[in-house]
Amino acid sequence: AGDTGACLVPAMRRLGAGMPFGQRPGIRRSFQVLSVDFHLDGERFVQAAPGLRVRFTVEPGATGRIDPADLDRNGRPDLVDTVIQGWSDATFLIESQLGLAMPLATEILLTGLGDFDGYVVPEANGMRVVLHASSSGEADDSRRAAMHHAVHAAVAVAAGTLPAMWDEAFASWIELAIEET
């Protein structure tokens, strides 16, 4: 398995601190760009569970296209199944073992993010999670990114925010705890 990229959550926290006042215009624009919802060409979605929706595209030539392979023939790309499994594994540990709540509604957008594995955007009715998923189908990396960002979503619900260092450490610990079981 490869390594996941850098998590954007701590950087977004720093960008968002004191918004909209107290930040240079370029920083405000960067935060706003990352926070805006966008749609992919030929976008599809899967309602994975109550309150969990996954958006993606397999459209040839589309930016952010994921690997369309569906080896188990369940009607959705295997990478989508892998992300759902990672999110579900983390949710089980977070809720049943740690007693923390997950967002009531979460939308995961799978797209290309280059060197970054993802970020979380709190919204009025839940969370939007943007995860890196390239056309080469890096399933283990995408599963770990889903677990990692499920923790960021739970922290945002439970505590609003932890210091970025602790939030990132907690997310990394959950990844390791799940991988070792």
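Everything that follows concerns the structure shown earlier in this document.
The written sequence of each chain sets the order in which its residues are numbered from 1. Predicted model: local features are reported for residues with pLDDT of at least 70 only, side-chain atom pairs are reported and counted for 80 or more only, and whole-chain, interface and lining totals are derived from all residues. By convention in this description, side-chain values take in all heavy atoms of the structure and omit both hydrogens and water.

(A) Seen up close, the overall build of the protein chain. Counting its regular elements, the protein chain contains 5 helices and 6 strands. Secondary structure follows DSSP: runs of H or I at least 4 residues long count as helices, runs of E at least 2 residues long count as strands, and numbering of each begins at the N terminus. Each helix (α) and strand (β) of the protein chain, taken in turn from the N terminus, gives the series β-α-α-β-β-α-β-β-β-α-α. When accessible area is computed with a 1.4 Å probe and restricted to protein chains, residues below 20% of their type maximum are described as buried, those above 50% as exposed, and intermediate ones as partly exposed. The buried share among the 181 residues of the protein chain stands at 43%. Only heavy atoms enter the contact rule, under which two residues are in contact if any of them lie within 4.5 Å. Taking contacts inside the protein chain between residues at least 6 apart in sequence as the whole, the part at least 24 apart equals 55%.

(B) Representation of helix α5 (residues 164-179) in the model. One less than the residue count of a helix, multiplied by 1.5 Å, gives the span that helix is expected to have. Between its first and last C-alpha, α5 extends 23 Å over 16 residues, near the 22 Å set by a 1.5 Å rise per residue. Along α5, the residues that are buried comprise Asp167, Ala171, Ile174, Glu175 and Ile178. Looking straight down α5, one finds its buried side chains confined to an arc of 100°; they lie on one side. Exposed side chains of α5 directed beyond 90 degrees from the buried face belong to Met165, Trp166 and Leu176. Working definition: the arc comes from the directions between the helix axis and the C-beta atoms, pointing outward to the latter.

(C) Summary view of the packing of helix α3 (residues 78-97) against α5. Between N-to-C directions, angles span 0 to 180 degrees; the directions come from axes that are lines fitted to C-alpha atoms, helices contributing only their stretch in contact. Look at α3 against α5: their axes get within 10 Å of each other, and the N-to-C directions meet at 105°. It follows from the interaxial angle that α3 and α5 lie roughly perpendicular. Each of Asp89, Ala90 and Leu93 in α3 lies in contact with α5, whose residues at this interface are Ile174, Ala177 and Ile178. Angles below 35 degrees are treated as roughly parallel, those above 145 as roughly antiparallel, those between 65 and 115 as roughly perpendicular, and all remaining angles as oblique.

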